[in-house]
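What follows is each chain in one-letter form.
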Amino acid sequence: MPTNVVLIPGDGIGPEVAEAAQRVIDAAGADISWTVRHAGEAAIAAGEKQLLPQSTLDLIEEYGVALKGPCTTPVGTGFRSVNVLLRKTLDLYAAVRPIRSMAGVETRYQGVDLVIIRENTEGLYAGIENEITRGVATSIKVATEHACRRIADYAFRYARERGRSKVSVFHKANIMKLTDGMFVRCAREVHEARYPDIGYDEYIIDAACMRMVQDPTRFDVILAENLYGDIMSDLCAGLVGGLGVTPGANIGEKGAVFEAVHGSAPDIAGKGVANPLALVMSGVMMLNWLSASRGAPHFREAAARIRGAYDRALVEGAVTRDLGGTLGTMEFADALVARM
Ligand code: NAI
């Protein structure tokens with residue numbers, strides 16, 4: 001029986017990279033039955049009334065898993081964010097973003113291998129903003145003990161299950177004593193009570209940025225609230241070759257949505273030049289997650305085939321423009337298929 005997965009193409013480069021990722025995953029022999037559902041501007045274009053249609057949410061809840069392209073969020077005006085709403089509505093509380101140096105991708109750093117675990121449901125992304133009076137606006141940062149403990153537990157569990165040695169908390173608790181203070185306190189308590197075998201340290205976020213660009217190899221698992229995790233994800237993507245090589249997952253108790261860190265890249269949308277690798281790598285994360293959560297080893301084998309193919313393609317220079325190559329989006333997908 002094929003496994004049902006929701007495919008959300010998204011906006012901008014989304015449909016291009018989603019088609020490429022689907023082709024690669026199918027060619028790897030993962031037995032998946034894809035159902036396309038829309039979100040973002042693409043939903044309105046498809047005749048839906050909402051940017052995040054209920055039918056899309058319902059099907060993700062039913063299947064428990066989706067592969068998602070990026071959705072556009074206008075700056076400064078309009079709807080809050082389809083992505084933020086999706087994560088919050090489905091309670092996908094843990095964003096997992098592995099950042100790894102890869103042979104064949106030239107960067108300033110070597111040997112980077114870290115994972116950002118970002119709290120995905122609250123902080124400033126709670127979206128509670130008010131215009132108090134003309135010229136004065138506020139944005140409220142939300143932290144709850146429940147969410148702080150839950151994400152801390154996820155990060156330490158992730159570290160232990162994958163043989164990682166240390167969790168570093170990035171925060172600004174010196175200024176935001178109640179919200180970030182709670183985040184740090186919960187991390188300390190969870191560490192002491194349940195994960196004393198895992199190393200633990202704390203960095204104030206501004207100093208963390210400086211240390212990260214000085215030597216990213218000093219970090220292992222990074223635990224951060226929503227905003228810091230978001231910004232740090234793009235910063236770290238830049239350390240290993242850019243947004244074209246940075247995958248991600250949004251994990252909850254009842255399901256998961258896998259998506260690249262990058263956005264809809266309007267500057268290159270429709271040109272067939274976007275790098276689909278980040279979404280392909282998100283697909284590999286999805287296959288490994290399916291293997292673990294559904295007890296189906298063939299997904300892990302398919303994931304290994306894809307990983308072997310892109311490791312080879314990168315070393316051989318069969319890459320897209322952002323990595324210094326000449327291949328288009330689907331040409332790169334074909335290059336991976338040819339190497340499986
Ligand atoms: P972006 O990630 O879309 O683009 C930043 C830069 O990276 C651009 O120069 C773009 O061409 C390049 N880039 C991104 N992905 C690439 C790929 N796969 N291959 C080659 N080059 C790539 O970030 P930006 O411009 O800040 O956001 C554009 C839109 O995407 C906004 O509406 C934003 O809200 C949305 N967005 C959506 C996300 C999601 O759906 N999860 C995540 C981040 C942004």
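Being a predicted model, the structure only gives us computed values, none of them experimental.

Asker: Just checking my understanding: could you explain helix α4 (residues 82–89) for this structure?
Answerer: In an α-helix, one turn spans 3.6 residues; hence positions three or four apart end up facing the same way. Among the residues of α4, V82, N83, V84, L86 and R87 are the ones counted as buried. A distance of 3.2 Å separates the backbone nitrogen of N83 from a side-chain oxygen at the start of α4, and that oxygen is part of S81.

Asker: Hey, could you run me through empty space enclosed by the protein in this one?
Answerer: Rolled over the atoms, a probe as big as a water molecule pinpoints where empty space is left. Considering all chains together, one arrives at one cavity of 30 Å³ or more under this definition. For the largest cavity, the calculated volume is near 60 Å³. Taken together, the elements giving at least two residues each to the lining of the largest cavity come down to β7 (136–142) and α6 (179–194). Looking at the lining of the largest cavity element by element, the count peaks at three residues for α6. Classifying every residue of the lining of the largest cavity by side-chain character gives four nonpolar, two polar and five charged.

Asker: Even after reading the chapter, I still don't get the site of the ligand, so can you show me in this structure?
Answerer: Taken together, 21 residues lie around the ligand, and C71, T73, G263, A265 and N275 are the ones closest in. Take D267: an N or O atom from its side chain is 2.9 Å from an oxygen atom of the ligand. A distance of 2.9 Å separates a nitrogen atom of the ligand from a polar atom in the backbone of N275. When its residues are assigned to classes, the shell around the ligand shows nine nonpolar, seven polar and five charged.

Asker: Where do I start with the packing of helix α9 (residues 277–294) against helix α10 (residues 297–315) in this structure?
Answerer: The relative placement of two packed helices is expressed as an angle between their axes plus a distance between the axes. Interhelical geometry of α9 versus α10 gives an angle of 155 degrees and a closest axis separation of 7 Å. Overall, the two elements α9 and α10 adopt an arrangement that is roughly antiparallel. Here α9 runs over α10; the crossing is left-handed. Between α9, through L277, V280, M281, V284, L287, N288, L290, S291 and A292, and α10, the contact on the second element is made entirely by P297, F299, R300, A302, A303, I306, Y310 and L314. Among the residues forming the contact of α9 with α10, the class breakdown is 14 nonpolar, two polar and one charged.

Procedures and definitions
- Throughout this description, residue numbers start from 1 for each chain and increase along the sequence as written.
- With pLDDT at 70 or above as the cut-off, local features in this predicted model cover only qualifying residues; side-chain atom pairs require 80 or more to be listed or tallied, and sums for whole chains, interfaces and linings still use all residues.
- For the side-chain quantities, the full set of heavy atoms in the structure was used; hydrogens and water were omitted.
- For each residue, the accessible area found with a 1.4 Å probe, counting protein chains only, is set against the maximum for its type, and the residue is called buried under 20%, exposed over 50%, and partly exposed in between.
- Under the scheme used here, helices are H or I runs from DSSP no shorter than 4 residues and strands are E runs no shorter than 2 residues, and both carry numbers assigned from the N terminus.
- The definition of a polar contact used here is a pair of N or O atoms within 3.5 Å, where within protein one atom must be able to donate a hydrogen and the other to accept one, and adjacent residues in sequence count solely through side-chain atom pairs.
- Residues are called lining when one of their atoms sits within 4 Å of a cavity or pocket point, these points coming from a 1 Å grid over the protein atoms alone, where a cavity is a set in which a 1.4 Å probe fits but cannot get out and a pocket is an open set with protein on both sides within 12 Å along at least five of seven lines.
- Grid points are joined across faces, edges and corners, and a volume is the space filled by probe spheres set on the points.
- All residues other than Ala, Val, Leu, Ile, Met, Phe, Trp, Tyr, Cys, Pro, Asp, Glu, Lys and Arg, Gly among them, are scored as polar; the first ten of these are nonpolar and the last four charged.
- Here a residue counts as near a molecule or strand whenever at least one of its heavy atoms sits within 4 Å of it.
- Here an angle of 0 to 180 degrees is reported between the N-to-C directions of two axes, which are lines fitted to C-alpha atoms, with helices fitted over the stretch in contact.
- Roughly parallel means an angle under 35 degrees; roughly antiparallel, over 145; roughly perpendicular, 65 to 115; everything else is oblique.
- Crossing handedness is read from the near helix: turned anticlockwise from the far helix by less than a right angle, it gives a left-handed crossing, and turned clockwise, a right-handed one.
- Contacts: residue pairs with any heavy atoms within 4.5 Å of one another.

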